[in-house]
Amino acid sequence: MANITKKVSWSSRADESGAAGEGTPLLNGSDQPRLSRQPSEGGSIFQIGRLSTVDLEEEITSDEDSLRGRPKEIPHNEKLLSLKYESLDYDNIENQLFLEEERRMSYMGFRCLEISRWVVCGLIGFLTGLIACFIDIAVEELAGFKYQVVKENIEKFTEVGGLSISLLLWAVLNSAIVMLGAIIVAFFEPIAAGSGIPQIKCYLNGIKIPRVVRLKTLMVKVFGVICSVVGGLAVGKEGPMIHSGAVVAAGVSQGRSTSLKRDFKIFEYFRRDTEKRDFVSAGAAAGVSAAFGAPVGGVLFSLEEGASFWNQMLTWRIFFASMISTFTLNFFLSIYHKKPGDLSNPGLINFGRFQSDSVTYNLYEIPLFIAMGAIGGLLGALFNVLNYWLTIFRIRYVHRPCLQVMEAMLVAAVTATVSFTMIYFSDDCQPLDSEHTEEYPLQLFCADGEYNSMATAFFNTPERSVRSLFHNQPGTYNPLTLGLFTLTYFFLACWTYGLAVSAGVFIPSLLIGAAWGRLFGILLAYITPLPIWADSGKYALIGAAAQLGGIVRMTLSLTVIMVEATGNVTYGFPIMLVLMTAKIVGDYFVEGLYDIHIKLQSVPFLHWEAPATSHWLTAREVMSSPVTCLNRIEKVGTIVDTLSNTSTNHNGFPVVVQISGSDEPAKLCGLILRSQLIVLLKHKVFVELARSRLTHRKLQLKDFRDAYPRFPPIQSIHVSQDERECMMDLTEFMNATPYTVPQETSLPRVFKLFRALGLRHLVVVDDENRVVGLVTRKDLARYHLGKHGLEELQLAQT
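Predicted model only: the values in this text are computed from it and were never measured.

Draft legend 1. Here's a closer look at the sheet that holds strand 9 (residues 630–631). Spatial ordering of the open sheet is given by 9-11-12, a layout of three strands whose pairing is mixed. Pairing within the sheet leaves two strands with one partner each, and these edge strands are strand 9 and strand 12 (667–673). With six bridges joining them, strand 11 (residues 652–657) and strand 12 adopt antiparallel strand pairing. Along strand 12, the bridge assignment pairs Val 656 with Leu 668. In the packing of helix 24 (residues 674–682) onto the sheet, the strands contacted are strand 9, strand 11 and strand 12, and the crossing angle to strand 12 comes to about 75°.

Draft legend 2. Geometry of the sheet that holds strand 16 (residues 771–776). Spatially, the three strands line up as an open sheet ordered 14-15-16, and their pairing is mixed. A strand with exactly one partner marks an edge of an open sheet, and here the two such strands are strand 14 (740–742) and strand 16. If you compare each strand with its neighbour and ignore which way they point, the axes differ by 30° on average. Of the pairings in the sheet, the one linking strand 14 to strand 15 (residues 761–765) comprises three bridges and is parallel in character. Among the inter-strand pairings, Thr 740 is bridged to a residue of strand 15, identified as Val 763. Of the strands in this sheet, strand 14, strand 15 and strand 16 touch helix 28 (residues 747–757), which is tilted by about 145° from strand 15.

Draft legend 3. Expanded view of helix 9 (residues 273–292). The end-to-end C-alpha separation of helix 9 is 28 Å, in line with the 28 Å expected for 20 residues at 1.5 Å each. By the criterion of burial, helix 9 is predominantly enclosed, with 20 of the 20 residues buried. Positive phi appears at Gly 293, one or two residues downstream of helix 9, with a value of about 65°.

Draft legend 4. Geometry of the packing of aromatic side chains. One pass over the full model with this rule turns up 24 aromatic pairs. Each ring, one from Phe 267 and one from Phe 270, has its centre 6.0 Å from the other, and the planes form 25°; the classification is stacked. On the basis of relative accessibility, which here comes to 18%, the residue Phe 267 falls in the buried class. By relative accessible area, Phe 270 is classed as buried at 1%. Here the aromatic rings of Trp 316 and Phe 319 are separated by 6.2 Å at their centres, their planes lie at 75°, and the arrangement is edge-to-face. Of this pair, Trp 316 and Phe 319 both sit in helix 11 (residues 312–336), three residues apart, which is roughly one turn of that helix. Residue Phe 319 is classed as partly exposed on the basis of its relative accessible area, which comes to 26%. Clustering of aromatic rings is evident, with ring pairs tying together Phe 126, Phe 327, Phe 331 and Phe 332. Here the guanidinium or amino end of Lys 146 rests over the ring plane of Tyr 147, the centre of that ring lying 4.4 Å away. Directly above the ring of Trp 608 sits Arg 755, whose terminal nitrogen or CZ lies 4.0 Å from the centroid.

Draft legend 5. Inspection of empty space enclosed by the protein at higher detail. Taken as a whole and judged by the stated rule, the model has seven cavities of 30 Å³ or more. Volume-wise, the largest cavity comes out at about 170 Å³. Together, 13 residues line the largest cavity, and Asp 91, Leu 671, Leu 673, Asn 735 and His 761 are the ones closest to its centre. Lining the second largest cavity are 18 residues, with Tyr 147, Gly 232, Thr 415, Phe 458 and Asn 460 positioned closest to its centre. If you list the elements that add at least two residues to the lining of the second largest cavity, you get helix 4 (107–160), helix 5 (163–188), helix 13 (401–425), helix 14 (453–458) and helix 15 (462–471). Per-element tally for the lining of the second largest cavity: the top contributor is helix 13, with three residues. In terms of residue class, the lining of the second largest cavity is made up of 11 nonpolar, six polar and one charged.

Draft legend 6. Quick peek at helix 13. For helix 13, with 25 residues, the first-to-last C-alpha span of 36 Å sits near the 36 Å given by 1.5 Å per residue. Inspection of helix 13 places Val 405, Glu 407, Ala 408, Val 411, Ala 412, Thr 415, Ala 416, Ser 419, Phe 420, Met 422 and Ile 423 among the buried residues, and these make up the whole buried set. At its buried positions, helix 13 is contacted by helix 4, helix 5, helix 12 (366–397), strand 8 (450–452), helix 14 and helix 16 (479–496).

Draft legend 7. Quick peek at the side chain of Ser 322. Positionally, Ser 322 belongs in helix 11. Not counting chain neighbours up to four residues away, the residues in contact with Ser 322 comprise Ala 285, Ala 286, Ser 289, Pro 295 and Val 299.

Draft legend 8. View of the pattern of salt bridges. Under the definition given, this model contains 30 salt bridges. The residue Glu 86 makes a salt bridge to Lys 778 at a minimum N-O spacing of 3.9 Å. Of this pair, Glu 86 sits in strand 3 (residues 86–87) while Lys 778 sits in helix 29 (residues 777–781), and the two are 692 residues apart along the sequence. Taking relative accessible area as the criterion, Glu 86 reaches 14% and is therefore assigned buried. The salt bridge involving Glu 744 is made with Arg 620; its shortest N-O contact spans 2.4 Å. In this pair, Glu 744 is assigned in the loop between strand 14 and helix 28 and Arg 620 in helix 22 (residues 619–622), connecting sequence segments 124 residues apart.

Draft legend 9. Expanded view of unusual backbone geometry. Between Ser 625 and Pro 626 the backbone carries a cis peptide bond, its omega angle lying at 0°. Relative to the assigned elements, Pro 626 resides in the loop between helix 22 and strand 9. Going from Tyr 708 to Pro 709, the amide bond is cis rather than trans, its omega being 0°. The residue Pro 709 is located in the loop between helix 26 (701–707) and helix 27 (721–724) in this model. Residues other than glycine seldom take positive phi values, yet Arg 553 does so here, at roughly 60°. Mapping Arg 553 onto the fold places it in the loop between helix 18 (537–552) and helix 19 (556–566). On the basis of relative accessibility, which here comes to 7%, the residue Arg 553 falls in the buried class. A positive phi angle, close to 55°, is found at Lys 684, a residue other than glycine. In this structure Lys 684 comes out as buried when scored by relative accessible area, which is 19%.

Quick notes on the rules
- Residues numbered from 1 in each chain as written.
- Predicted model: local features only at pLDDT ≥ 70, side-chain atom pairs only at ≥ 80, totals over all residues.
- Heavy atoms only, no water.
- Pairing = 2+ DSSP bridges.
- Helix = DSSP H or I, 4+ residues; strand = E, 2+ residues; numbered from the N terminus.
- Contact = heavy atoms within 4.5 Å.
- Axes fitted to C-alpha atoms, helices over the stretch in contact; angles between N-to-C directions.
- Expected span 1.5 Å × (residues − 1).
- Buried < 20%, exposed > 50% of the residue type's maximum accessible area, 1.4 Å probe, protein only.
- Phe/Tyr/Trp six-rings, centres within 6.5 Å; stacked < 30°, edge-to-face > 60°.
- Lys NZ or Arg CZ within 6 Å of the ring centre and 35° of its normal.
- 1 Å grid on protein atoms, 1.4 Å probe; cavity = no way out; pocket = protein on both sides within 12 Å on 5 of 7 lines; lining within 4 Å.
- Points joined across faces, edges and corners; volume = space filled by probe spheres on them.
- Nonpolar A, V, L, I, M, F, W, Y, C, P; charged D, E, K, R; others polar.
- Salt bridge = Lys/Arg side-chain N within 4 Å of Asp/Glu carboxyl O.

Keep in mind these values describe shape, not function.
Right, dumping it as structure tokens:
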């Protein structure tokens, strides 16, 4: 099972931080049953096996009702949650050092910090816009060169015969370009594969994903997405911009590069998870803004993933970063297109302007739009199911880097072959006049002055194909062309997503939906001669929204993104209805594409609400126990042994105090983190050494910030035998006011408190403030695994 888990991982390498225990793939690696007890009123023994679970969606039987009145132990699925994913410390550690620093800071100091936050957000937007501009120019130039070479070759051999050479050239060019992108992803940075949106969703959810915001990841992501799009894969370059913006934010906000080992000594106050994740939210929003020209949509995207951590000023800063990003992209693209100051290119994808007179709709069309939303939900569910089984196949059989590169090359060659075949056998010829703006029109076997309509969809970048489906005149495509294109591109896009290449699924989804949406409009015009249905472009837009919503299941942010990208608010209401319908229909069959891939990684992802039928569960059944506690003045050897225990790998330790001269059990007085203890051990903050030094420098928050985020592993800390006998006073460094709940607190209340405050640890105490348990993210995440989730994970990991 360990090997399979490693294959599933987003990154095939262990985290370089080398934290203790990260080599262990899954939590609770033992195969022994965790617990067995005898019910108090006779009956069968209730045993909890290693793969048992509680299905909160099942009805409670009469036997279970008889057990309702007494304490219960709920089975845990620890083996189904990966150990390498840890929570972010979003809650501030309010120890004495932190409070002293905050109290020393003047009002002007806080104002300077606020100005620094605005400066950082501005830099994030500017750099994200520059990266988007570089990607767009590189793709346009390289793809233009490739398509021009292939076009000239096809035109040459159409006259003299031997089109097989043109096919071979197209396939070889695609495979060679994709090979470069796949090699750097598979061999150098596997976390850069895909769009990166699932990883960023997890990060904003409060999960620390190894290597997700590294500089190396950004470089591989940018180069990889250029190769993927230029190589002709059924992918888009817009999705990876969200990941790229997040990486830029994580780097700029820290004022240093741990990869380059350069510290610029700026923004040191922001070197903690609380500030860093806020800036990553701004970076993700800036990426959305740069990709779609939708700054408001970018803000709402970050809002959907991390709304409980927001405040008004943070919202404005994120919006500011989004606006700077789209303005930067606009400005530099205007220079590239030799139109300085013409800010008419808001994002990487330009849907073109939908004029109000050409996209009018009537009340009786709304049921048709809703029906299209249902179709999009069904097709999206089919797409996700097929991609799920493809991912399972890759986990089992295509897990080595060399195999991943070969698969990517195979898909590139097959894509070129299918495209060429569809164009070759298509007899859909359209007149080429001044109103048509095809970049690379192919005549092939059409008459002079005509071009092959199928080539407009296949022989082009996906963004240009989407724009042509939206805006080309009625009659440009015949139904057979659109039907065949939808069918083939659907399966090509499904096969492509999940390859070891940097690529997004937004544009392929829009392209598939635009094709069958335009087909829907054409068929309506055949059925009834109403003039309102003469423009099939609006149905292409609705179909694109339906297909994308059916695959990714985003509603609020996607509605605004589509409205902003089209530049017309007229279709805001229909798009909203379509996306809601697609989500409702799709969710009935399967989860969204990103949620499926998150679940396959065994990530402890927390949804917004606790399971609807979980009120009968309390903190006592959810918590982990017994808890490893530390005394307020603890022996150094005990701390080292506790941190070195790889079987537990705890990251938070309640601190307890025993009243001197009393026989009462120790009571809670604080909470301290593994990272803090490692810094204390590294700096030898021992009671005996502090007394013996005449000039002892007091440990400051700067020492903790300098070690962030790659705290050294406990194995690298040398503690002599004499030092093991020393004592360490944790009073000054522990969080003296951790959040606590009583044992009888209901699960929904625990969940809401944990999720809303962004907690990493929640201490469970009894009536006398004694520690009885500890609730972590994994404790809550495992209770979202119902019967279906368990079956899927068991299948993926066995």
